[in-house]
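Chains, contacts and geometry: an overview
So you can see what is in the structure, the chains are spelled out below.
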Amino acid sequence: MSFATSQMPEPEVIRRDPQELLDGLNPQQSEAVQYQGQALLIGAGAGSGKTRVLTRRIAWALSQWRAWPSQILAITFTNKAAREMKDRLETLIGPVAQRMWVSTFHSACVRILRRDGEAVGLTRGFTIYDQADSQRLMRTVEQQYGIDPKRVKPRDVLTAISDCKNELKDWRSQLKEFAPDFRPGQPGARLGHLEAGEQLYACLYAEYQRRLQAANAVDFDDLIMRTVQLLRLDPQVAAYYHHKFRYIFVDEYQDTNHAQYVLIRELAGLDADDGERPAAVTVVGDSDQSIYAFRGADIHNILDFEKDFPEAKTIMLEQNYRSTQTILDAANAVISKNQGRRPKKLWTDAGKGSPIVGYAADNDYEEAQWVVQEIVRLTVEDGFTYGDVAIMYRANAQSRRFEEALINAGVPYQLIGGTRFYERKEVKDAIAYLQCIANPADDTNMRRILNVPKRGLGERAEGTVAAYAESAGLTFWDALGRLQEIPGMTTRLARPLQAFRDLMEELIADAQAKDSNPSEIVAAVLDKTGIVEELRKSPDEQDQGRVENLAQLQSVAAEYEQNTPDSTLAGFLENVALVADSDQLPDEGENNGSVTLMTLHTSKGLEYPVVFLVGLEEGTFPHQRAMENVSELAEERRLAYVGITRARKRLYVTRAGERSQWGRSESKTPSEFLEDIPDALIDWKRKETAVDRRMMLGDDDSDEFGGFGGFAGFDDSDGYSTFGSRGGSRSSYGSGSRGGSGSYGSRGGSSYGSSSYGSRGGSSSYGSRGRSSYGSGSSYGSGSRGRSSYGSSSYGSRSSYGSGSSSYGSRNGKVSTRRVAATHSASSSHASSSAPRNSLTPQDLAAGDLVTHDKYGLGTVVAMEDKGENSVVTIDFGDGGVKRLMLRMAPIEKL
DNA sequence: TTGTGGGCTACTGGT
DNA sequence: TAGCCCACAA
């Protein structure tokens, strides 16, 4: 396209005093801001102030090198990061910051493809398929060729295709290599006889791509690959972007894949010979934080940066401004076990700080229970707020126990990730309508909504139309416009089909009239299609929550409309398609007073004063499927490193001796990462689990322990034995009583035996107070019962539970509604777990009363704060100090 | 065509 | 345990 129009001179000259931009930076940071050259790699360790350096560097380019804002392209990993960077830049340089491209890879590519995509066959309104859409399409493709989707899983095929795309291998080259005789788009062909493998995948890739093209749709990986293709194919377009972007910045460079790497090169014009000097490229990253290999990230991009980019310079930032030295020592200890990394050691001048706190629970319920109690204690006694705390786990499925425990304790929380708002069926249905309105060629979505709500159009109707469309080379939508030509069409089918077509035509016409008001289009869809009505009429209680979700979708659209000057339906859909989990997080400094729950992956780039790293067991973290493979295990280790370095002041590490999975309970041994942390750094509140002891004693029951280690002041006994043999081979238990998976010890640790399990201490220390003792989990009610009772409405991906009662929206429309009233029924099943340790009420105690505490001994009540369940009593224990204790939890008695 | 119930399989991670 | 798919009945 022409590039004369958008390269207008920019009136604002950005003036900034150099000193102002270097203020408060350490020498390495300062050098990184100022370095002027073709290519710069900033090796930014965790918490080393990288965003600060990056934004200052951009401001530096603008003010000192006279760059124009429109010449800047800054790529971040998430929309949230982009938004934050834009905000910070706006503070630094003012509103001209808006002219810069600051976005994710995917958003930038959408923008390029929307503008210039016609050269690769994409018209403006193209649809972006998410994973679910892609799977649906792949299923259709497989069925067409007589392949059983159970035998050849669409997900596996898509993974293979995704790998290809990340490597920039298009379907033609795959076909040529593995199935030269196959031609996509031959309805009669049969592939059912082929084994899953390269040949079959190549065929499916070709057909999948043909269908995407016909539907004017792309999947996530296409966004990158097709942009690269575009730049390679069309010299004019390429020249436009070479000319436009003079400064390219890439954050989280360690997580780029090959396609993204090439994209940067293409945009920078590194391999072009159009007479334009290549753009200056700055990348920021930390190879120790590379955690996305599973989706194609290639750590070599960052390791080989100096080879790849001529005259590249590397500046390392190793001073950490986030965490205490103890936390950094733990992080360094864990990551140093990885082979072949460039040695790097984070340091801080912030001092040692508190020890890391460890806790080994008997099972996942108790783990959650203990964590939540400790969180409450932190807020009551140590002055933290709920918003200071994050619980991080390896897999989303682990969140449930913590949700339950938090609800029982009445602690507000927000859950990031999990089932996303936009993946919920009803929301997806409504969006499918919108997609079809924007792009009627989108067969997958058109077929999805054909019978939503129910209009008597089943498989038969869909199949008849689809077969005709296929044979006539039409889209599904076009075929619906020629019902009378379709063979086998009966009036019985034709009538509802025609009604559907009429409905859609009405919606499309309507939408065209108000394209800049997506919220009105959403309203029309909800109203005219009858999806809301169907849900309203439903006797199923859950459906009422779904109605709320749809209402929420409408407010998301309204919000988008307000925040976007040139809002369009396509723009809204794009927003919806490209949101990331972490995009739901509140912005920096916006402490919203709830505990945050998320996966370790999502936590990247964030920090919290208090971090609980939970589920540190072999098979949980590191994940079972990563344990057999050296490189995957190395990635798990980096993930642990990421997790540890999120913590600013306090770090907790916990594990469970037993964990329920698939409704079964499995015993677990401590994670090797736990053992990598030097013992001296961890203050174990409880080190051994009942399972450990059962193993040790030879499986006879020993339920004398069970209690969790206490609340304010644990019996921090020295009597706990050390786990396994430190420093040497890890100990592992035999395959346990269940013998099932046989997974323990599979990596050659010595099997559990008396020798590797040193037991010197007494057994008496656990539960010595004997107040609360549990069996190993059996007394807890089933999780599902609890869940359904409070989950009557909806969970969003950012589900949130306030101490109040009702719902909660958010920037991206992740919603949830949870009700406190219902909560208590959930708690009843394991009420014992949060049962008070005494029967004292705020009225029982007054200043001056004498009490005894299990640990601190005799004390005098100083003050009583009546907050109902959460009442706090302040007691002076003389030499033991003055403590604020949670009344219901404190092991105290009135004298 | 829609609804129901039993059986199967899955829990990495996310743009 | 829980969601999904399929077979079967109305």
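What counts as what
Here the residue index of a chain counts from 1 through its sequence in written order. Labels follow written order: the first chain is A, the first ligand is 1, and so on. Only residues with pLDDT of at least 70 get local features here, since the model is predicted, and only at 80 or more are side-chain atom pairs given and counted; chain-wide, interface and lining totals rely on the full set of residues. Heavy atoms throughout the structure, all of them, feed into the side-chain values; hydrogens and water do not. UniProt positions are given in the numbering used here, feature names are shortened, and annotations may be inferred rather than shown by experiment. The cut-offs for exposure are 20% and 50% of the maximum accessible area for each residue type, with area from a 1.4 Å probe on protein chains only; residues under the lower value are buried, those over the upper are exposed, and the others partly exposed. Helix and strand definitions follow DSSP, with helices as H or I runs of at least four residues and strands as E runs of at least two, each counted in order from the N terminus. Residues count as neighbours in contact if any of their non-hydrogen atoms are within 4.5 Å of one another. Identification of polar contacts relies on pairs of N or O atoms within 3.5 Å, with a donor-acceptor requirement for protein atoms, meaning one able to donate a hydrogen and the other able to accept it, and with residues adjacent in sequence counted only if both atoms are side-chain atoms. In this analysis, a patch consists of residues with relative accessible area above 30% that form no salt bridge, clustered at 9 Å for like charges and at 5 Å for the nonpolar side chains Val, Leu, Ile, Met, Phe, Trp and Tyr. With residues, only the protein chains shown are counted as cover, and all accessible areas are computed by Shrake-Rupley using a 1.4 Å probe. Whenever a carboxyl oxygen of Asp or Glu lies within 4 Å of a side-chain nitrogen of Lys or Arg, that contact is scored as a salt bridge. What is meant by a nonpolar core is a set of buried Ala, Val, Leu, Ile, Met, Phe, Trp, Tyr and Cys residues, joined one to another through side-chain atoms within 4.5 Å. For two strands to pair, DSSP has to find at least two bridges joining them. Handedness of a crossover is defined as follows: with both strands directed away from the viewer, a clockwise route from the first strand across the helix to the second makes it right-handed. Only the six-membered ring of Trp is used, alongside the rings of Phe and Tyr, when aromatic pairs are assigned; centres must lie within 6.5 Å, and planes under 30 degrees apart are stacked while those over 60 apart are edge-to-face, with the rest tilted. Throughout this description, the term charge over a ring refers to an Arg CZ or Lys NZ atom that lies within 6 Å of the ring centre and within 35 degrees of the ring normal.

Chain A is annotated in an unreviewed UniProt entry as DNA 3'-5' helicase from Pseudoscardovia radai. The record in UniProt for chain A states the following under Sequence similarities (unreviewed entry): "Belongs to the helicase family. UvrD subfamily."

1. Quick look at helix α11 (residues 235-244)
Burial in α11 covers these residues: Val-237, Ala-238, Tyr-240, Tyr-241, His-242 and Lys-244. Looking at the buried side of α11, the elements it contacts are β3 (101-104), α5 (105-116), α10 (220-233) and α12 (258-268). Measuring from the backbone nitrogen of Gln-236 back to the side-chain oxygen at the start of α11 gives 3.0 Å, which picks out Asp-234 as the cap.

2. Side note on the UniProt feature "binding site: ATP" (unreviewed entry) in chain A
Per the UniProt record, the feature "binding site: ATP" (unreviewed entry) sits at Ala-44, Gly-45, Ala-46, Gly-47, Ser-48, Gly-49, Lys-50 and Thr-51. The residues touching Ala-44, leaving out its near neighbours within four places in the chain, are Lys-50, Val-284, Gly-285, Asp-286, Gln-289 and Leu-317. Along the chain, Lys-50 turns up in helix α3 (residues 50-64).

3. Thoughts on a nonpolar patch on the surface
On the surface, Leu-850, Leu-858 and Leu-895 cluster together into a nonpolar patch covering about 310 Å² of accessible area. As for its position among the elements, Leu-895 is in the segment after β26 (892-894).

4. Topic: the nonpolar core
By size, the foremost hydrophobic cluster in this structure holds 56 residues, and its most contacted members are Tyr-422, Ile-437, Leu-497, Phe-500, Met-504, Leu-553 and Phe-572. Sort the elements by how many residues they give to this core and helix α22 (residues 491-513) lands first, with nine residues. Membership of the second largest hydrophobic core comes to 45 residues, among which are Leu-223, Val-237, Val-250 and Ala-268.

5. Side note on the pairing of strand β2 (residues 72-76)
Along β2, five of the five residues are buried, which leaves the element largely enclosed by surrounding structure. Examined bridge by bridge, β2 and strand β6 (residues 247-250) share four bridges and lie parallel to one another. Across the sheet, the residue bridging to Ala-74 is Phe-249, located in β6. Looking at chain direction, β2 and β3 are connected through four bridges and run parallel. Paired with Thr-76 across the bridge in β3 is Thr-104. In this fold, β2 hands off to helix α4 (residues 79-93), which returns the chain to β3; that crossover is right-handed.

6. Quick look at the packing of aromatic side chains
In total, this model carries 17 aromatic pairs according to the counting rule given. Judged by centre distance (4.6 Å) and plane angle (25 degrees), the rings of Phe-305 and Phe-309 are stacked. Each of the two residues, Phe-305 as well as Phe-309, counts as buried. Plain terms: the ring middles of Tyr-560 and Phe-572 are 5.6 Å apart, the flat faces sit at 50 degrees to each other, and that makes the pair tilted. With Tyr-560 in helix α25 (residues 542-563) and Phe-572 in helix α26 (residues 569-577), this residue pair connects regions lying 12 residues apart in the sequence. The exposure classification of Tyr-560 matches that of Phe-572, with both residues buried. Grouped by ring-pair contacts, the aromatic residues Trp-101, Tyr-240, Tyr-241 and Phe-245 constitute a single cluster. The positively charged end of Arg-401 is found above the aromatic ring belonging to Tyr-365, 4.2 Å away from the centroid.

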